[in-house]
Amino acid sequence: MAVMKMKFPFQKRVKLAQGLWLLSWCATVAGATTFTLGCLLKTELHRRAEVMDNTDIHIVPNTLMIVGLASLGINYFASKICQDALDAGRFPRWKNFLKPYFAISCFFTVLMLLTVIMSYAMTGSLESSLKVGLRNGIRFYKDTDTPGRCFQKQNIDRLQMEFQCCGNNDFRDWFEVQWISNRYLDFSSKEVKDRIKSNVDGRFLVDGVPFSCCNPSSPRPCIQYQLTNNSAHYNYDYQTEELNIYLRGCREALVNYYMGLMNTIGAGVLSVFLLQVHTVLTAIHLRFLQTAMEAVAGNENTEIETEGYLLEKGVKETIMEYLDPVLKFLLLKNQVQEGETAPVTA
Amino acid sequence: MAVGKVTFTKAEREKLAEVLWLLNWISVVTGAILFGLGIFLKVEIQKWQEVMSEQGILYVPHMLITTGLAACGINYLGSKICLDCADTNKFLRWKLVMMPYIVCTFFFTACVLAGALLCYSIRGQLEESLYQGLRNAMRFYKDTDTPGRCYLKRTLDLLQIQFQCCGISGYRDWFQVQWISGRYLDMTDGAVVDRLRSNVEGKYLMDSVPFSCCSTISPRPCVQHRLSSASSDFSYDHQRQPLNLWRRGCGQALLDHYTGVMQSIGLTVLLIWLFELLVLTGVRYLQTAMENVLRLGDPESESDGWILEKSLAETACYNFDIIKNLGKCYQVDDDPNINVPSVAAELEVPSQQVQVQS
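Residues numbered from 1 in each chain as written. Chains lettered and ligands numbered in written order. Predicted model: local features only at pLDDT ≥ 70, side-chain atom pairs only at ≥ 80, totals over all residues. Heavy atoms only, no water.

- For chain B, an unreviewed UniProt entry supplies the name Peripherin 2-like b and the organism Nothobranchius furzeri.
- Within the UniProt record for chain B, the comment given under Sequence similarities (unreviewed entry) is "Belongs to the PRPH2/ROM1 family."
- Looking at chain B in UniProt, the text filed under Subcellular location (unreviewed entry) is "Membrane". (UniProt positions renumbered as here; feature names shortened; annotations may be inferred.)

- In the annotation of an unreviewed UniProt entry, the entry for chain A reads Retinal outer segment membrane protein 1a, and the organism field reads Nothobranchius furzeri.
- Note on chain A: under the UniProt heading Sequence similarities (unreviewed entry), the record states "Belongs to the PRPH2/ROM1 family."
- Looking at chain A in UniProt, the text filed under Subcellular location (unreviewed entry) is "Membrane".

### A word on the overall build of chain A
Okay, so step 1: For chain A, the count of helices and strands is eight helices and two strands.
Okay, so step 2: Taken from the N to the C terminus, the helices and strands of chain A come in the order β-α-α-α-α-α-α-α-β-α.
Okay, so step 3: Across the 346 residues of chain A, 45% fall into the buried class.
Okay, so step 4: In chain A, the proportion of contacts linking residues at least 24 apart, taken out of those at least 6 apart, comes to 73%.
Okay, so step 5: Only carbon and sulfur atoms are counted for the fraction: they give 60% of the accessible area of chain A, which is about 18500 Å². (Helix = DSSP H or I, 4+ residues; strand = E, 2+ residues; numbered from the N terminus. Buried < 20%, exposed > 50% of the residue type's maximum accessible area, 1.4 Å probe, protein only. Contact = heavy atoms within 4.5 Å. Areas by Shrake-Rupley, 256 points an atom, 1.4 Å probe, with all protein chains shown as cover.)

### Some thoughts on the interface of chain B and chain A
Okay, so step 1: The interface of chain B with chain A comprises 26 residues on the first partner and 26 residues on the second.
Okay, so step 2: Both faces considered, chain B and chain A share a buried interface measuring about 2300 Å² in area, 65% of it formed by carbon and sulfur atoms.
Okay, so step 3: A per-residue breakdown of the area chain B buries against chain A is headed by B:Tyr184, B:Phe211 and B:Thr216, which together make up 28% of the total.
Okay, so step 4: The tally of links from chain B across to chain A stands at zero salt bridges.
Okay, so step 5: Scanning the region where chain B abuts chain A turns up six residue pairs in polar contact (both at pLDDT 80 or more).
Okay, so step 6: A per-class count over the side of chain B that touches chain A returns 13 nonpolar, seven polar and six charged. (Buried area = accessible area lost by both parts, 1.4 Å probe. Salt bridge = Lys/Arg side-chain N within 4 Å of Asp/Glu carboxyl O. Polar contact = N/O pair within 3.5 Å; in protein donor to acceptor, adjacent residues only side chain to side chain. Nonpolar A, V, L, I, M, F, W, Y, C, P; charged D, E, K, R; others polar.)

### Regarding the packing of helix H1 (residues 10–47) of chain A against helix H2 (residues 59–85) of chain A
Residue and element names in this part refer to chain A.
Okay, so step 1: Running from amino to carboxyl end, H1 crosses H2 at an angle of 165°, the nearest separation of the two axes being 7 Å. Relative to H2, H1 is oriented roughly antiparallel. Between H1 and H2 lies a crossing of left-handed hand.
Okay, so step 2: For the contact of H1 with H2, the class distribution of residues is 20 nonpolar, eleven polar and one charged. (Axes fitted to C-alpha atoms, helices over the stretch in contact; angles between N-to-C directions. Parallel < 35°, antiparallel > 145°, perpendicular 65-115°, else oblique. Left-handed = near helix turned anticlockwise from the far one by under 90°.)

### Describing the UniProt feature "transmembrane region" (unreviewed entry) in chain B
All names here are of chain B.
Okay, so step 1: The UniProt record marks residues 20–45, 57–78, 98–120 and 265–286 with the feature "transmembrane region" (unreviewed entry), using the residue numbering of this structure.
Okay, so step 2: End C-alpha to end C-alpha, residues 20–45 measures 37 Å, and it is 100% helix and 0% strand.
Okay, so step 3: The span residues 57–78 is 91% helix and 0% strand, and its two end C-alpha atoms sit 32 Å from each other.

### Thoughts on empty space enclosed by the protein
Residues and elements named next belong to chain A.
Okay, so step 1: Within this structure, the stated rule accounts for five cavities of 30 Å³ or more.
Okay, so step 2: One number sums up the size of the largest cavity: a volume of about 60 Å³.
Okay, so step 3: Lining of the largest cavity is provided by Leu 41, Val 60, Leu 64, Thr 115, Val 116, Ser 119, Met 262, Ile 265, Gly 266 and Val 269.
Okay, so step 4: Elements supplying a minimum of two residues to the lining of the largest cavity: H2, helix H3 (95–121) and helix H7 (250–296).
Okay, so step 5: For the lining of the largest cavity, the leading source of residues is H7, giving four residues.
Okay, so step 6: Taken as a whole, the second largest cavity holds about 50 Å³ of empty space.
Okay, so step 7: As for the second largest cavity, its lining consists of ten residues, and the residues nearest its centre are Leu 20, Ser 24, Ala 78, Tyr 101 and Thr 282. (1 Å grid on protein atoms, 1.4 Å probe; cavity = no way out; pocket = protein on both sides within 12 Å on 5 of 7 lines; lining within 4 Å. Points joined across faces, edges and corners; volume = space filled by probe spheres on them.)

### Describing the packing of helix H1 (residues 10–47) of chain B against helix H7 (residues 250–296) of chain B
Residue and element names in this part refer to chain B.
Okay, so step 1: Between H1 and H7, whose axes approach to 9 Å, the crossing angle comes to 155°. One element, H1, and the other, H7, form an angle in the roughly antiparallel class. Between H1 and H7 the crossing geometry is left-handed.
Okay, so step 2: Of the residues belonging to the contact of H1 with H7, the class tally is 25 nonpolar, six polar and three charged.

### Some points on helix H3 (residues 88–121) of chain B
Okay, so step 1: Between its first and last C-alpha atoms H3(B) spans 46 Å; for 34 residues at 1.5 Å apiece the expected length is 50 Å, and the two agree.
Okay, so step 2: The largest bend along H3(B) reaches roughly 55° and is located at B:Trp94. (Expected span 1.5 Å × (residues − 1). Bend = angle between axes of the 7 residues up to and from the residue.)

### What about the UniProt feature "transmembrane region" (unreviewed entry) in chain A?
Residue and element names in this part refer to chain A.
Okay, so step 1: Annotation from UniProt places "transmembrane region" (unreviewed entry) at residues 59–79 and 100–122.
Okay, so step 2: Here residues 59–79 runs as 100% helix and 0% strand, with 30 Å between its end C-alpha atoms.
Okay, so step 3: Secondary structure over residues 100–122 splits into 96% helix and 0% strand, and the C-alpha atoms at its two ends are 32 Å apart.

### Considerations on the confidence of the model for chain A
Okay, so step 1: For chain A, per-residue confidence averages 84 on the pLDDT scale, and 82% of positions sit at 70 or higher.
Okay, so step 2: The model gives residues 339–346 of chain A a pLDDT under 50, and that stretch makes three contacts with residues more than four places away or in other chains. (pLDDT = per-residue confidence, 0-100.)

### Brief notes about the layout of surface pockets
Okay, so step 1: Quantified by volume, the largest pocket comes out at close to 1700 Å³.
Okay, so step 2: For the largest pocket, the lining is made up of 50 residues, of which A:Tyr225, A:Gln226, A:His233, B:His225 and B:Arg226 are closest to its centre.
Okay, so step 3: Elements with a contribution of two residues or more to the lining of the largest pocket: helix H6 (190–198) of chain A together with helix H6 (190–198) of chain B.
Okay, so step 4: Taken together, the residues of the lining of the largest pocket sort by class into 27 nonpolar, ten polar and 13 charged.
Okay, so step 5: Its boundaries defined by the atoms lining it, the second largest pocket holds a volume of some 960 Å³.
Okay, so step 6: Around the second largest pocket sit 25 residues that line it, and B:Met99, B:Arg284, B:Ile307, B:Leu308 and B:Thr315 are the ones nearest its centre.
Okay, so step 7: It is H7(B) that provides the largest number of residues to the lining of the second largest pocket, a total of nine residues.
Okay, so step 8: Here the residues of the lining of the second largest pocket are counted per class, giving 14 nonpolar, six polar and five charged.

This is the structure:
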């Protein structure tokens with residue numbers, strides 16, 4: 001018994017094919033847009049790669065790019081099918097491609113949705129990656145003479161000025177790290193020697209921050225050193241001073257920035273996803289068209305009314321038909337590796 | 001003899017009309033580009049207008065904006081005219097409008113050229129305005145509590161950070177202004193009072209610079225204070241530490257930035273001007289060709305098109321005469337029926353001398 005049988009006059013077939021063709025082209029453009037959005041995200045993540053510890057988050061833009069390219073190809077293919085759909089002579093050569101087309105199209109549509117969900121799920125991973133990356137950046141700030149680390153100072157300074165932030169969690173992170181290199185410390189000075197002696201690890205720690213933490217909106221010239229010492233500066237209260245340096249931590253600033261970016265991109269990808277779902281649904285209509293065309297084939301009068309159906313057999317039987325080759329493939333694998341322990345099937 | 005005479009067949013006239021229709025539409029697009037360039041320049045100038053002493057330079061983007069809008073309108077009208085010019089009957093509708101339209105377009109094209117040349121010649125005025133503006137900005141850097149000047153500190157800091165510059169011609173300009181407000185100076189401190197007293201005008205001058213002068217590419221943490229004494233910071237010798245502060249002056253940096261922007265805009269506007277000139281020439285040829293066809297009476301025949309009917313000198317004299325005579329409200333005619341008393345008075349015979357033949 002056929003599922004969802006419908007009658008198809010010639011005019012309806014023409015309209016259906018034209019509508020599908022237009023939709024496929026729109027979806028092709030949408031696929032290209034997805035690819036571009038993926039490239040954008042990857043570029044932005046790559047720009048700040050020095051303050052990220054690992055590249056786990058790059059899976060989001062990579063998947064987006066793959067899905068975009070695949071969607072581009074699939075929908076271009078679909079538009080080609082639609083173009084030939086009304087020509088009874090050219091349509092049969094596409095017959096064998098329709099089943100794999102449905103399967104692949106569904107797969108990539110689901111993958112698109114998964115990417116958007118993934119981008120939200122990976123916030124934690126991004127945050128911990130930034131935490132470690134920034135901590136290292138601050139630690140190696142002074143090592144401008146060590147190969148491999150000589151640009152950390154420049155990167156951290158530029159980052160703090162651009163994102164208007166200071167330190168990892170906040171500016172106090174600079175108090176725990178020696179960020180002034182020994183090359184620039186006068187070891188003959190008593191003050192320097194005292195400070196180094198008072199520290200367990202022999203590090204020169206100050207309650208000061210680099211100049212890149214300074215806030216240009218402050219009404220007074222920037223106070224960088226002796227931040228916790230109210231008496232060192234005239235008319236200064238460390239507890240109530242808000243505008244002098246940036247109070248926000250760079251980790252929070254970067255996470256907000258990337259989350260904002262991924263939200264915007266996610267919104268765009270969701271709309272592409274909806275368009276893709278629409279296209280898949282119309283691909284189902286294409287199935288109607290295919291079956292209708294099969295009825296026309298062999299008839300000399302191509303403009304007759306024909307019947308189309310969704311599935312030739314019932315739903316269960318069609319699913320079994322699809323899964324059979326997959327199971328056979330896995331079972332075959334099972335038979336070959338009989339001697340070993342049974343592999344875990346998907 | 002006519003200037004630039006070309007003969008057109010009917011087919012060529014129609015082709016010319018089509019091509020001009022397309023070119024006019026492209027000109028509408030270039031007019032929109034001109035408008036966009038004007039807006040862009042205005043935005044760029046307004047970004048840093050606090051460090052410019054006068055706003056006179058804004059007339060360049062304003063001119064570009066008006067010219068762009070005019071270009072859109074004129075070329076849209078032109079496309080409508082050219083579309084109708086292919087057919088002699090439809091051309092009659094536009095016959096009276098054509099000449100004024102061409103004159104308007106000619107003046108408008110001259111405006112576009114003037115706009116392009118302005119972009120190149122504005123540099124001197126810009127330099128003056130920038131240096132004066134920066135000098136004021138540095139003087140009022142500390143006045144963050146004075147209305148009208150409270151954002152100068154922020155603007156100047158952001159300027160020095162973004163353009164990677166310090167001071168007007170160099171970092172030493174900061175040594176000559178008091179950039180720390182009296183609100184943050186401890187007047188009970190002996191050192192402060194000494195410094196104030198040692199200055200003629202009672203200003204608190206230091207050999208220090210604000211934090212925004214610090215260079216990000218320096219390998220050492222920024223040395224902002226006590227810059228002129230070599231022994232101030234360990235191993236710091238300002239001659240041999242070129243990377244510590246930004247070396248370039250902000251006057252030069254801003255001037256280079258704006259000159260670059262204006263030169264690119266000026267070049268684009270020049271190209272647009274050349275294109276407009278081409279379109280104008282085409283429209284003039286089409287107009288003269290169509291008028292000659294009407295004069296000959298046969299729509300299918302060939303006709304001549306030209307830029308000027310007589311030579312340049314004759315056309316200039318002719319137009320000059322028209323302008324001269326525009327002022328006169330009473331014209332002297334050669335009509336014999338009109339009694340012109342001034343010359344003929346002596347020739348008149350008194351009536352009693354006329355002998356009546358009976």
